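One letter stands for each residue in the lines below.
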Amino acid sequence: YLNYDYNFATKLAKEGTNYNVFAGLSTQEHDNNNNYSNEIFYFPDYNLHRQKESKNEETRKNDQYFQFAASSNNKRRILKAKLILEHSALNNKTNSLLNYSELYNILDSSQTIIEKDASKISLNLNSEFKINSKQNIKMTLNNSYTTNEYLRTYEENSNTTLMDTKENLYELSANINYIIQ
């Protein structure tokens, strides 16, 4: 079994200007996990019981993040920027022994393999400009791109099901507010 979590943070500040950096890494790895479960499937005419014994489960999980933020303030303006990078990966393999009972008395085996991979990058910009003591303008721009991949293979009794999903998500929002007090 392996499990660790490392994080780093630092800040630099000088005369109204700040810089922040945050970063982290988290990993989990474990093998030979054994799990037991009992399931009941309810059908109109009968119930099917399944006992499941998972042996030698292997799991690998890895997460990382990085964030950089900067801000600058004075009497007339506020400027802020933030860049965030995130990544997460998971690999899981499970071998199981299955015992179906009630109408059937079947012993079988199954294998499940799951792979997930996700990444995201975000950029956030904020500003405020004071025109005079009663007027100001606030502007924000938020942008992100996310990619996700998910692959699941399940095999039981020589039958295989496969789920393969890939998605890309783009997000952009902008606001400009003119404020009179």
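Worth saying up front: this structure is predicted, and the values here are computed from it rather than measured. What you see as residue numbers is a count from 1 along each chain, following the sequence as written. Predicted model: local features are reported for residues with pLDDT of at least 70 only, side-chain atom pairs are reported and counted for 80 or more only, and whole-chain, interface and lining totals are derived from all residues. Think of the side-chain values as coming from all heavy atoms in the structure, minus any hydrogens and water.

(A) Inspection of the overall build of the protein at higher detail. The numbering of helices and of strands both runs from the N terminus, where a helix is a DSSP run of H or I of at least 4 residues and a strand a run of E of at least 2. Within the protein, the secondary structure is distributed over zero helices and seven strands. Reading the protein from its N end, one meets helices and strands in the order β-β-β-β-β-β-β. Throughout, radius of gyration means the C-alpha value; the globule benchmark is 2.2 Å times the number of residues raised to the power 0.38. Its C-alpha atoms give the protein a radius of gyration of 26 Å, clearly above 16 Å, the size a compact globule of 181 residues would have. In terms of principal-axis extent, the alpha carbons of the protein reach across some 80 × 40 × 25 Å. Only protein chains enter the calculation, and the probe is 1.4 Å; a residue is then buried if its accessible area is under 20% of its type maximum, exposed if over 50%, and partly exposed in between. For the protein, with 181 residues in total, the buried portion stands at 20%. Here the analysis covers contacts within the protein between residues at least 6 apart in sequence; of these, 60% occur between residues at least 24 apart. Accessible surface area values rest on a Shrake-Rupley calculation with a 1.4 Å probe, where residue burial reflects the displayed protein chains alone. A total of about 12,900 Å² of accessible surface is found on the protein, and carbon and sulfur atoms cover 51% of it. The contact criterion used throughout is that any non-hydrogen atoms of two residues lie within 4.5 Å.

(B) Fine view of the side chain of T94. With respect to the element layout, T94 can be found in strand β4 (residues 77–101). Overall, the relative accessible area of 10% leaves T94 in the buried class. Polar contact criterion, stated in full: a pair of N or O atoms within 3.5 Å, where within protein one must be able to donate a hydrogen and the other to accept it, and residues adjacent in sequence count only if both atoms are side-chain atoms. A polar contact of 3.1 Å, which involves the side chain of T94, links it to the side chain of N92. Residues contacting T94, with those up to four places away along its chain left out, are S54, E57, S110, Q111 and T112.

(C) Seen up close, the pairing of β4. At least two DSSP bridges between two strands are required for those strands to pair. Sheet topology note: the strand β3 (residues 47–73)/β4 ladder contains 23 bridges and is antiparallel. Following the sheet pairing, K55 is matched in β4 by N95. Counted between consecutive antiparallel strands, the loop separating β3 from β4 contains three residues. Two strands pair when backbone bridges link them, and β4 and strand β5 (residues 106–132) are joined in this way by 24 bridges, in the antiparallel orientation. Bridging from a neighbouring strand, S96 pairs with S110 of β5.

(D) Just a nonpolar patch on the surface, in detail. The patches reported here contain residues having more than 30% relative accessible area and no salt bridge. Joining distances are 9 Å for like charges and 5 Å for nonpolar side chains (Val, Leu, Ile, Met, Phe, Trp, Tyr). Between Lys or Arg on one side and Asp or Glu on the other, a salt bridge is scored when a side-chain nitrogen of the former is within 4 Å of a carboxyl oxygen of the latter. Together, L123, L125, L141 and L172 make up an exposed nonpolar region whose accessible area comes to about 330 Å². Of note, L172 is situated in strand β7 (residues 159–180). Residue classification places L172 among the exposed positions, given a relative accessible area of 63%.

(E) Inspection of the sheet that holds β4 at higher detail. Ordered by their spatial adjacency, seven strands build an open sheet running β1-β2-β3-β4-β5-β6-β7, and the pairing between neighbours is antiparallel. Each end of this open sheet is capped by a strand with a single partner; those strands are β1 (2–14) and β7. Each adjacent strand pair in this sheet contributes to an overall mean axis angle of 10°, direction not counted. Direction of pairing for β5 relative to strand β6 (residues 135–156): antiparallel, over a ladder of 22 bridges. Bridge assignment links I113 to a residue of β6, and that residue is T153. The axes used here are C-alpha line fits, helices contributing only the stretch in contact, and every angle between their N-to-C directions lies in the interval 0 to 180 degrees.

(F) Region of the structure containing the environment of N168. By the element assignment, N168 lies in strand β7. Residue classification places N168 among the partly exposed positions, given a relative accessible area of 48%. Along the backbone, N168 and A118 are 50 residues apart, and their C-alpha atoms lie at a distance of 9.9 Å. Separated by 2.8 Å, the side chains of N168 and Y145 make a polar contact. Of note is the side chain of N168, whose polar atom sits 3.2 Å from the side chain of T147.

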